[in-house]
Amino acid sequence: MEAPALIEGGPGAGAGDWRSEAIGRLCEVLSHRDLTQLLGSLLDSARATLRQRKGHDTSGSKADLARALLLIHHEDLLADADTRDLVARRCGVRAPSRWHPGKAGALDFARACGLPVMLAGIPANERQRDIEHIEAPVRLPPLANFQEEVSTALLAEIAQPRGRAIVSLPTGAGKTRTAVESIHRLLVRPGLDSRPRPYVIVWLAHTEELCEQALACFRQVWAGIGDGPPLALVRFWGNYTRGEELLRESLGHATRDFCVLVSTPQRLVNVLDSADPLQQEWRATLMTRAGLVVIDEAHRAAAPTYRQIIDAFGTATHAAIIGLTATPFRREYVDQHEGTRELRALFRRLIEARRTLGDEPLAALQTRGVLARPVVKEIVTRQRVRLQLTLFDAAPSDERLDEEINQLVDTHARRREILKALLVESQFRPDMRMVYFAPSVHDARCMAYLLQESGVSASVVTGETRVVTRRRVIEDFRRGRVRVLCNCEVLTTGFDDPQVTHVVMSRTTVSQVLYEQMVGRGLRGPAFGGTDACVVMDCIDEYETGPRLSLGYTGFREVWRPRRARP
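What you see is a predicted model, and the numbers here were worked out from it, not measured in a lab.

Draft legend 1. Layout of the overall build of the protein chain. Of the regular secondary structure elements, the protein chain holds 23 helices and 14 strands. Relative to its full complement of 567 residues, the protein chain shows a buried share of 57%. Long-range pairs, those at least 24 residues apart, make up 79% of the contacts in the protein chain with a sequence separation of at least 6. With an accessible surface of roughly 24100 Å², the protein chain has 49% of that area assigned to carbon and sulfur atoms.

Here it is in structure tokens:
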């Protein structure tokens, strides 16, 4: 039996849903040819996959094509200049030359075209405060014994002048909470550290989402434990804390209070390099007041921006420099320990919960229910992968190999095999909440379209999706309005939904770090609000050469093992 037609309205659809209204109006003003033109390569690829699956060609109705446009662009459909201009011509109105989502011009245009105002776009989130103050109460559950072991070792390292270490707990085991609670203890019990107050903590993360998550964790710990000193939280990324007034206010907190400066590495490098007198004053304050630098996702710390920051603080201050990561290694295709040796040179010491979790922390945490048990199912794609890069590059990086491989696996035939497996899985699990990691933006959009066409509610987010729109789509997924969330290089870090039941590894990688980060999105266990088991659907391609990755790599310990002194 054929699968039902595309679900009316898509994610979150219902009576009177704005999507239904938008689809109806788009079908009125645009021709089948217009809609086909706007969908471009997506439609060609989807047709090819459907033709292989159904045995006949299908172009889809106008409603199907309009629904596909909304699937790709969401509320930002009219932000695409080509779409906006075509709709304007067909409606006989003038299109805005610049698009400001949710603003008066966008609203007026949507109304003039007879489209629902949701297609004016979601306005940017209300700006958060540049500097916050937090006090205390509301009790948090205590740290688990493996987190306590890590916290004790971390505080001992911070107490050392110029202490260096990288803290590692598997994804979902609470490393950020452990680090922030350790900082709380540090500030509550100053005897652990003899350096003078005020005290500045610099927290670095490479994305806005991770920066906001760090701030949220500080608020949670300070409110949940109590007894902590007042704390100034400074947003120091993007457009936050710019301008003389805000910079001077934040400087005041850094010179008087306990202060946490949350920044992206590039913003901090700009301060280090700036010739502006006020920025130089900020640099001088950091170099005299900073007692601790924390680098989130520290497996990235060998990058030039991080190295510059580590060198600056390591030379000019006595600050401890601490990294946090679930994957304290970097593996290159030729020399599998080269990248890990660079991390060891930067951080010197690895902190793990070896006493409480042993040499296989994943298995130990699964037994405790902290992490979900991975159930691996293979999808044999029959896709042959012949790597050309290795023929002319003696030492290709993981990133370059990944780029080549993922271009090769973006094919109609491979999508057909994967789609077949996903549809079977969706029939077995009505509660399915699946994250699909795609090899390309094109593949992510195609798979979401194909799933929707097959009756499975799906949506897609990519690097091109606006942050506020992405948050709305993810919220639909968390609330169960969407069963499959397709993405390309967006949800590998900073995404946390404990109720994920499936992770699909369609994005092929030779990077052990990336593999573990992706699989980790589904491994939150019942003890931490997640699921007992997570189905990991591994796409098996036919390689001429290349490693087969699996969860729980521990070979990095060979590099981190303390060196014995020579006799």
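Draft legend 2. Structural view of the packing of aromatic side chains. Summed over the entire model, instances satisfying the criterion amount to nine aromatic pairs. For the ring pair Trp 237 and Tyr 240, a centre distance of 5.4 Å and an interplane angle of 70° mean the geometry is edge-to-face. The two residues Trp 237 and Tyr 240 agree in class, both being buried. Geometrically, the ring pair formed by Phe 329 and Tyr 553 is edge-to-face, given 4.9 Å between the ring centres and 75° between the ring planes. Residue Phe 329 is found in the loop between strand 7 (320–325) and helix 14 (338–347), and its partner Tyr 553 is found in the loop between strand 14 (533–543) and helix 23 (557–560); the two are separated by 224 residues along the sequence. Given the relative accessible area of 1%, Phe 329 is considered buried. Taking the relative accessible area as the measure of exposure, Tyr 553 reaches 16% and is therefore buried. Each residue in the set Trp 203, Phe 218 and Trp 222 is aromatic and connected to the rest through ring pairs, giving one cluster.

Draft legend 3. Expanded view of the packing of helix 8 (residues 175–188) against helix 9 (residues 208–225). Viewed as axis vectors pointing N to C, helix 8 and helix 9 meet at an angle of 55°, and their least axial separation amounts to 10 Å. Comparing the axis directions of helix 8 and helix 9 gives the class oblique. For the element pair helix 8 and helix 9, the recorded crossing hand is right-handed. On helix 9, the residues that touch Thr 176, Arg 177, Val 180, Glu 181, Ile 183, His 184 and Leu 187 of helix 8 are Cys 217, Phe 218, Val 221, Trp 222 and Ile 225.

Draft legend 4. Spatial organisation of helix 10 (residues 244–256). The terminal C-alpha atoms of helix 10, which comprises 13 residues, lie 18 Å apart, in line with the 18 Å expected from a rise of 1.5 Å per residue. By the burial criterion, the buried members of helix 10 are Leu 247, Ser 250, Leu 251, Gly 252, His 253 and Ala 254.

Draft legend 5. Representation of the nonpolar core. In terms of nonpolar packing, the biggest core is built from 60 residues, with Leu 422, Tyr 436, Leu 451, Val 484 and Cys 486 touching the most fellow members. In this view, Cys 486 contacts Tyr 436, Ala 444, Met 447, Ala 448, Leu 451, Ser 459, Val 460 and Val 461; residues no more than four positions away in its chain are not counted. Listed in part, the 48 residues of the second largest apolar core include Cys 217, Phe 218, Ala 320 and Leu 365.

Draft legend 6. Expanded view of the environment of Leu 35. Inspection of the secondary structure puts Leu 35 in helix 2 (residues 32–39). Sequence spacing of Leu 35 and Ala 68 is 33 residues, and the spatial spacing of their C-alpha atoms is 9.4 Å. If we ignore the near neighbours within four places in the chain, the residues touching Leu 35 are Leu 30, Lys 62, Leu 65, Ala 66 and Leu 69.

Draft legend 7. Representation of the sheet that holds strand 11 (residues 458–461). Spatial strand order, 9-14-13-10-12-11: six strands in an open sheet with parallel pairing. Of all the strands in the sheet, just strand 9 (373–385) and strand 11 have a single pairing partner and so form its edges. When the angles between neighbouring strand axes are averaged without regard to direction, this sheet yields 20°. Here strand 11 pairs with strand 12 (residues 484–487) via four bridges, running parallel. When the sheet's bridge partners are listed, Val 461 is paired in strand 12 with Asn 487. Of the strands in this sheet, strand 9, strand 10 (434–437), strand 13 (502–505) and strand 14 are in contact with helix 19 (residues 412–428), which crosses strand 9 at around 155°. Across the sheet, helix 21 (residues 467–478) touches strand 10, strand 11 and strand 12, and the angle it forms with strand 12 is around 150°.

Draft legend 8. Local environment of the environment of Ser 440. Along the chain, the position of Ser 440 falls in the loop between strand 10 and helix 20 (441–453). C-alpha of Ser 440 to C-alpha of Arg 507: the two residues are 67 residues apart in sequence and 7.6 Å apart in space. Of note is the side chain of Ser 440, whose polar atom sits 2.8 Å from the side chain of Asp 410.

Draft legend 9. Summary view of the pattern of salt bridges. Enumeration according to the criterion identifies 38 salt bridges in this entry. In this structure, Arg 19 engages Asp 17 in a salt bridge whose closest nitrogen and oxygen atoms are separated by 3.4 Å. Each of the two residues, Arg 19 as well as Asp 17, counts as buried. The salt bridge partner of Arg 433 is Asp 497, with a shortest N-O separation of 3.4 Å. Of this pair, Arg 433 sits in the loop between helix 19 and strand 10 while Asp 497 is found in the loop between strand 12 and strand 13, placing the two residues 64 residues apart along the sequence. Each member of the pair, Arg 433 as well as Asp 497, is classed as buried. One salt-bridge network, in which partners are shared between bridges, spans Glu 75, Arg 472, Asp 476 and Arg 481.

Draft legend 10. Just the side chain of Asp 443, in detail. Tracing the backbone shows Asp 443 in helix 20. Taking the relative accessible area as the measure of exposure, Asp 443 reaches 1% and is therefore buried. Setting aside chain neighbours within four positions, we find Asp 443 in contact with Asp 410, Arg 415, Tyr 436, Ala 438 and Ser 506.

Draft legend 11. Spatial organisation of helix 16 (residues 361–368). Buried residues of helix 16: Pro 361, Leu 362, Ala 364 and Leu 365, and no others. Buried residues along helix 16 cover an arc of 165° about the axis, so they all sit on one side. Looking at the buried side of helix 16, the elements it contacts are helix 7 (145–158), helix 15 (354–357) and helix 23.

What counts, and at which threshold
Residues numbered from 1 in each chain as written. Predicted model: local features only at pLDDT ≥ 70, side-chain atom pairs only at ≥ 80, totals over all residues. Heavy atoms only, no water. Helix = DSSP H or I, 4+ residues; strand = E, 2+ residues; numbered from the N terminus. Buried < 20%, exposed > 50% of the residue type's maximum accessible area, 1.4 Å probe, protein only. Contact = heavy atoms within 4.5 Å. Areas by Shrake-Rupley, 256 points an atom, 1.4 Å probe, with all protein chains shown as cover. Phe/Tyr/Trp six-rings, centres within 6.5 Å; stacked < 30°, edge-to-face > 60°. Axes fitted to C-alpha atoms, helices over the stretch in contact; angles between N-to-C directions. Parallel < 35°, antiparallel > 145°, perpendicular 65-115°, else oblique. Left-handed = near helix turned anticlockwise from the far one by under 90°. Expected span 1.5 Å × (residues − 1). Core = buried A, V, L, I, M, F, W, Y, C linked by side-chain atoms within 4.5 Å. Pairing = 2+ DSSP bridges. Polar contact = N/O pair within 3.5 Å; in protein donor to acceptor, adjacent residues only side chain to side chain. Salt bridge = Lys/Arg side-chain N within 4 Å of Asp/Glu carboxyl O. Arc of directions from axis to C-beta.

So, to be careful, I would describe these as geometric facts and stop short of saying anything about function.
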